[in-house]
Amino acid sequence: MSEATQALYLAVELVISMDAGLVEIVLLSLQVSLLAVAVACAIGLPLGALLGIARFRGRRLLISINNALMGLPPVVVGLAVYLMLSRSGPFGVFGLLYTPTAMIIAQTLLVLPIVAALSRQTIEDLNAEYDEYLRSLDMRLAGRLKTLLWDGRASLATAAIAGLGRAIAEVGAVIIVGGNIDHVTRVMTTAIALETSKGDLALALALGLVLVTIALALNAAVEILRAGAERKLHAGA
Amino acid sequence: MLAPETTALASFRSVSYASAGDRLLSDIELTIARQGITTIMGPNGAGKSTLLRLLAGLLRPTSGTLTWHRPAGTGQIETAFVFQRPVILRRTVSANIRHAISPLKLPDAQASRRVDAALSDCSLEHLRDAPGRRLSGGEQQRLAMARALARQPDVLLLDEPTASLDPAATNAIEQIALACADKATKVVLVTHDAGQARRLSNDVIFLNAGRAVEHSPAAAFFNQPLSQPARDYLAGRITITDT
Ligand SMILES: Nc1ncnc2c1ncn2[C@@H]1O[C@H](COP(=O)(O)OP(=O)(O)OP(=O)(O)O)[C@@H](O)[C@H]1O
Ligand SMILES: [Mg+2]
């Protein structure tokens with residue numbers, strides 16, 4: 001048996017037996033990325049919505065910047081957060097570097113532009129459709145935002161899932177600010193990156209299998225949401 | 001005879017409305033009575049929906065003034081608009097109605113009673129939990145009507161509310177309009193249905209090419225329209241107008 005097939009057998013065994021080390025890494029990954037997406041949504045949804053409906057000078061510029069930030073390389077975000085959190089950085093006193101919190105901060109920054117840009121687009125389109133009706137109801141800004149965010153829920157959930165996909169699969173940011181410390185900051189991607197070079201192919205492959213499964217599940221979720229939204233759209237034509 | 005301020009709800013004084021250089025309404029001089037059902041008729045593109053939007057405050061006159069006459073001691077005049085093409089929110093039928101009254105900040109129990117009453121008035125009870133956007137065209141129009149009724153407005157603005165309704169639903173909406181007018185809610189109705197206009201109207205405003213060419217009591221309007229465009233319209237002749 002070649003080294004690779006042997007590793008694959010071991011990997012499948014790790015997954016099926018729910019190996020404690022493997023589970024720990026997967027759970028930390030999910031915890032970090034889900035929290036990052038939650039924070040990014042809490043900030044990004046209202047921000048994107050405001051950007052979608054408010055009319056002010058410099059709005060176009062902000063939208064362009066937002067769109068550009070979507071393509072930010074994770075390593076650059078990691079480096080920036082590292083500089084902020086390192087001993088000599090402005091937030092060094094909190095001692096957050098190489099903690100899960102640092103990884104959540106980095107991934108939040110990575111996901112925020114995606115959530116904001118996608119929700120901005122969603123809310124802007126919906127607002128154009130609802131504008132006259134909401135004005136006829138004498139809805140104030142808060143009520144309007146609430147209406148649009150709720151009615152855009154299918155597309156906004158898609159945005160959140162897209163953000164989660166980016167967070168859970170990235171390695172550049174978490175490896176810089178987390179450091180892949182065993183039992184502390186080791187997540188799926190950093191483990192794959194570093195265990196491979198150390199020769200623990202089985203663990204890397206097992207994590208790879210889990211990661212691919214999660215990625216496929218997220219894609220399926222987006223498809224289901226999209227199909228649901230489309231059905232409603234046709235029914236509403 | 002009463003002074004105009006006590007019988008008039010709103011008056012247009014040489015009101016014009018232009019959008020992007022197009023004059024959609026020109027020199028409108030109208031007094032809308034406080035009571036009854038006022039019907040606006042006129043060919044496609046005459047400016048009927050635009051006039052309703054001015055009344056709803058969704059558009060402002062480009063020139064002239066639109067004045068509301070409020071009896072002393074009464075609050076803001078509230079309007080509710082049933083659009084020609086209603087916007088249905090992406091939620092259930094009952095949630096659509098509840099949303100429409102949410103700016104009124106009613107106590108929960110009262111809001112629920114209003115939702116139920118509106119559902120039953122518009123025969124939508126069996127669809128209360130259906131997604132609003134899955135309703136048929138006519139059902140959506142009834143939902144738009146239900147949302148407007150639940151607001152219990154002072155003025156109900158109806159833009160062709162029965163255009164895609166079956167005879168029974170049309171009759172139901174007509175009865176609702178009459179009941180509203182009986183309860184001192186002003187109704188301003190746009191319709192192309194001359195029979196409906198005869199059944200419901202106290203007075204008829206006839207718009208043609210952005211001008212109010214006639215405003216008469218309903219009986220007079222249908223017996224003997226004063227203007228040539230109104231005569232042509234009622235006789236089903238195409239009106240050729242140069243604007
Ligand atoms: N925002 C706008 N900008 C420019 N033109 C407009 C705008 N809205 C409406 N119009 C034009 O104004 C005219 C009057 O429109 P309006 O909707 O008031 O007609 P209507 O009398 O309600 O007709 P219908 O019977 O077809 O509903 C139409 O020619 C229309 O193309
Ligand atoms: Mg119209």
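Colleague: Could you give an account of the domain arrangement of chain B, naming the residues involved and the relevant values?
Modeller: Residues and elements named next belong to chain B. Along its sequence, chain B is carved into domain 1 (1-78 + 153-243) and domain 2 (89-152). Each partner contributes residues to the interface: domain 1 has 14 residues there, and domain 2 has 11 residues. Both sides together, the interface formed by domain 1 and domain 2 hides about 940 Å², and carbon and sulfur atoms give 69% of it. For the domain 1 face of the interface with domain 2, the top three residues by lost area are Pro153, Ile173 and Ile176, together amounting to 44%. Taken together, the links from domain 1 to domain 2 amount to zero salt bridges. Our count for the domain 1 to domain 2 interface comes out at two residue pairs in polar contact (both at pLDDT 80 or more). Going through the elements one at a time, strand E6 (155-159) and helix H6 (167-182) are the ones with two or more residues in the side of domain 1 that touches domain 2. A breakdown of the residues in the side of domain 1 that touches domain 2 according to their chemical character gives 10 nonpolar, two polar and two charged.

Colleague: Report on the environment of Val171 of chain A, specifying residues and quantitative values.
Modeller: All names here are of chain A. Relative to the helices and strands, Val171 is located in the loop between helix H7 (153-169) and helix H8 (172-178). Note on Val171: relative accessible area 31%, which makes it partly exposed. Distance from Val171 to Leu201, taken between C-alpha atoms, is 17 Å for residues 30 residues apart in sequence. With sequence-adjacent residues up to four places away left out, Val171 is seen in contact with Thr189, Thr190 and Ala193.

Colleague: So, the environment of Arg231 of chain B: which residues are in play, and what are the values?
Modeller: Residue and element names in this part refer to chain B. Its place among the elements puts Arg231 in helix H9 (residues 228-234). We classify Arg231 as partly exposed; its relative accessible area is 31%. Counting along the chain gives 10 residues from Arg231 to Phe221, while the straight-line C-alpha distance between them is 9.4 Å. Other than its neighbours up to four places away in sequence, Arg231 contacts Pro225, Leu226 and Arg237. Within the structure, Arg231 has its side chain in polar contact with the backbone oxygen of Pro225 (distance 2.8 Å).

Colleague: Kindly report on the site of ligand 1, identifying the contributing residues and their values.
Modeller: Residue and element names in this part refer to chain B. Residues in contact with ligand 1 amount to 13 residues; listed here are only the nearest, Gly45, Lys48, Ser49, Thr50 and Gln84. One nitrogen or oxygen atom from the side chain of Asn44 is found 3.0 Å from an oxygen atom belonging to ligand 1. One nitrogen or oxygen atom from the side chain of Lys48 is found 2.7 Å from an oxygen atom belonging to ligand 1. Considering ligand 1 on its own, with 640 Å² of exposed area, one finds that the protein chains cover 60% of that surface. Considering every element that reaches the shell around ligand 1, the biggest residue donor is helix H2 (residues 48-56), with three residues. Among the residues forming the shell around ligand 1, the class breakdown is three nonpolar, eight polar and two charged.

What counts, and where the lines are drawn
- Residues numbered from 1 in each chain as written.
- Chains lettered and ligands numbered in written order.
- Predicted model: local features only at pLDDT ≥ 70, side-chain atom pairs only at ≥ 80, totals over all residues.
- Heavy atoms only, no water.
- Domains from an automatic or database assignment.
- Contact = heavy atoms within 4.5 Å.
- Buried area = accessible area lost by both parts, 1.4 Å probe.
- Salt bridge = Lys/Arg side-chain N within 4 Å of Asp/Glu carboxyl O.
- Polar contact = N/O pair within 3.5 Å; in protein donor to acceptor, adjacent residues only side chain to side chain.
- Helix = DSSP H or I, 4+ residues; strand = E, 2+ residues; numbered from the N terminus.
- Nonpolar A, V, L, I, M, F, W, Y, C, P; charged D, E, K, R; others polar.
- Buried < 20%, exposed > 50% of the residue type's maximum accessible area, 1.4 Å probe, protein only.
- Near = heavy atom within 4 Å.
- Areas by Shrake-Rupley, 256 points an atom, 1.4 Å probe, with all protein chains shown as cover.

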